[in-house]
Amino acid sequence: ETGVTQSPTHLIKTRGQQVTLRCSSQSGHNTVSWYQQALGQGPQFIFQYYREEENGRGNFPPRFSGLQFPNYSSELNVNALELDDSALYLCASSWGASTGELFFGEGSRLTVL
Amino acid sequence: GENVEQHPSTLSVQEGDSAVIKCTYSDSASNYFPWYKQELGKRPQLIIDIRSNVGEKKDQRIAVTLNKTAKHFSLHITETQPEDSAVYFCAASKAGNTPLVFGKGTRLSVIA
């Protein structure tokens with residue numbers, strides 16, 4: 001059984017650029033949730049994908065978008081990067097869209113200069 | 001929407017002592033309350049969870065209690081060890097397609 005993997009692990013971008021972060025869900029899981037974790041804060045929900053459809057969204061602007069593929073892997077895209085987008089982006093997979101344990105990846109640390 | 005408050009933000013205990021972290025939630029419809037541990041540079045990992053149909057759950061040195069009337073739940077770690085040092089997050093969610101809402105975390109330091 002493979003766990004949740006994310007790439008890249010670290011990246012540096014400048015304001016206004018675009019970034020794509022990738023996540024492979026744990027085998028057997030069909031739901032992926034993305035969270036933003038600013039330094040010293042708890043994870044904040046961005047959105048969830050269940051069976052390739054967006055299945056809930058947190059308080060993030062439309063420049064945060066995502067995709068889920070038929071193999072349940074997922075991408076998070078952020079356009080027009082701002083300094084405040086600097087954070088650890090965590091992907092978590094689970095079975096089904098209902099409440100239950102989330103299995104997190106190690107995260108992608110994004111720095112915006 | 002749901003709001004989760006967590007206290008304290010930092011906690012230092014001597015090895016062997018107990019540690020207690022408390023969380024309050026705002027939405028009375030929330031019914032799932034997990035606790036995650038995040039070691040430095042690592043992913044958050046579930047250590048224990050409780051659903052609203054029970055008031056307490058134990059797993060070896062770790063226990064969680066839930067008071068639905070007061071809308072608060074607590075994590076208790078007994079006989080703390082240095083490897084318990086980490087950031088602990090509480091979270092809450094409702095049934096169905098609702099996301100986990102996390103507290104801001106408690107940094108626990110166990111001093112040998």
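Since the structure is predicted, the reported quantities are computational estimates derived from the model, not experimental observations.

**Notes on the interface of chain B and chain A**
Thinking step 1. Between chain B and chain A, the contact holds 21 residues from the first and 20 residues from the second.
Thinking step 2. Between chain B and chain A, roughly 1,700 Å² of surface is buried when both sides are summed, and carbon and sulfur atoms account for 50% of that area.
Thinking step 3. At the junction of chain B with chain A, the criterion picks out one salt bridge.
Thinking step 4. With a shortest N-O distance of 3.1 Å, arginine 43 of chain B and glutamate 106 of chain A are connected by a salt bridge.
Thinking step 5. On the surface where chain B and chain A come into contact, there are six residue pairs in polar contact (both at pLDDT 80 or more).
Thinking step 6. Elements supplying a minimum of two residues to the side of chain B that touches chain A: strand S4 (32–38) and strand S5 (45–51) of chain B.
Thinking step 7. The greatest single-element share of the side of chain B that touches chain A, amounting to three residues, is contributed by S4 of chain B.
Thinking step 8. Classifying every residue of the side of chain B that touches chain A by side-chain character gives nine nonpolar, seven polar and five charged.

**A few points about the pairing of strand S5 (residues 44–50) of chain A**
All names here are of chain A.
Thinking step 1. Among the seven residues in S5, five count as buried, and that is most of the element.
Thinking step 2. Of the pairings in the sheet, the one linking strand S4 (residues 31–37) to S5 comprises six bridges and is antiparallel in character. Paired with valine 32 across the two strands is tyrosine 49, which belongs to S5.
Thinking step 3. In textbook terms, the turn of a hairpin is the stretch between consecutive antiparallel strands, and for S4 and S5 this stretch comprises six residues, one of which, glycine 40, has a positive phi near 75 degrees.
Thinking step 4. Inspection of the sheet shows S5 paired to strand S6 (residues 53–57) by three bridges, in the antiparallel sense. Bridge pairing in S6 links phenylalanine 47 to arginine 57.
Thinking step 5. Counted along the chain from S5 to the antiparallel partner S6, the turn is two residues long, and its residue arginine 51 has a positive phi close to 50 degrees.

How each quantity is defined
- Residues numbered from 1 in each chain as written.
- Chains lettered and ligands numbered in written order.
- Predicted model: local features only at pLDDT ≥ 70, side-chain atom pairs only at ≥ 80, totals over all residues.
- Heavy atoms only, no water.
- Contact = heavy atoms within 4.5 Å.
- Buried area = accessible area lost by both parts, 1.4 Å probe.
- Salt bridge = Lys/Arg side-chain N within 4 Å of Asp/Glu carboxyl O.
- Polar contact = N/O pair within 3.5 Å; in protein donor to acceptor, adjacent residues only side chain to side chain.
- Helix = DSSP H or I, 4+ residues; strand = E, 2+ residues; numbered from the N terminus.
- Nonpolar A, V, L, I, M, F, W, Y, C, P; charged D, E, K, R; others polar.
- Buried < 20%, exposed > 50% of the residue type's maximum accessible area, 1.4 Å probe, protein only.
- Pairing = 2+ DSSP bridges.

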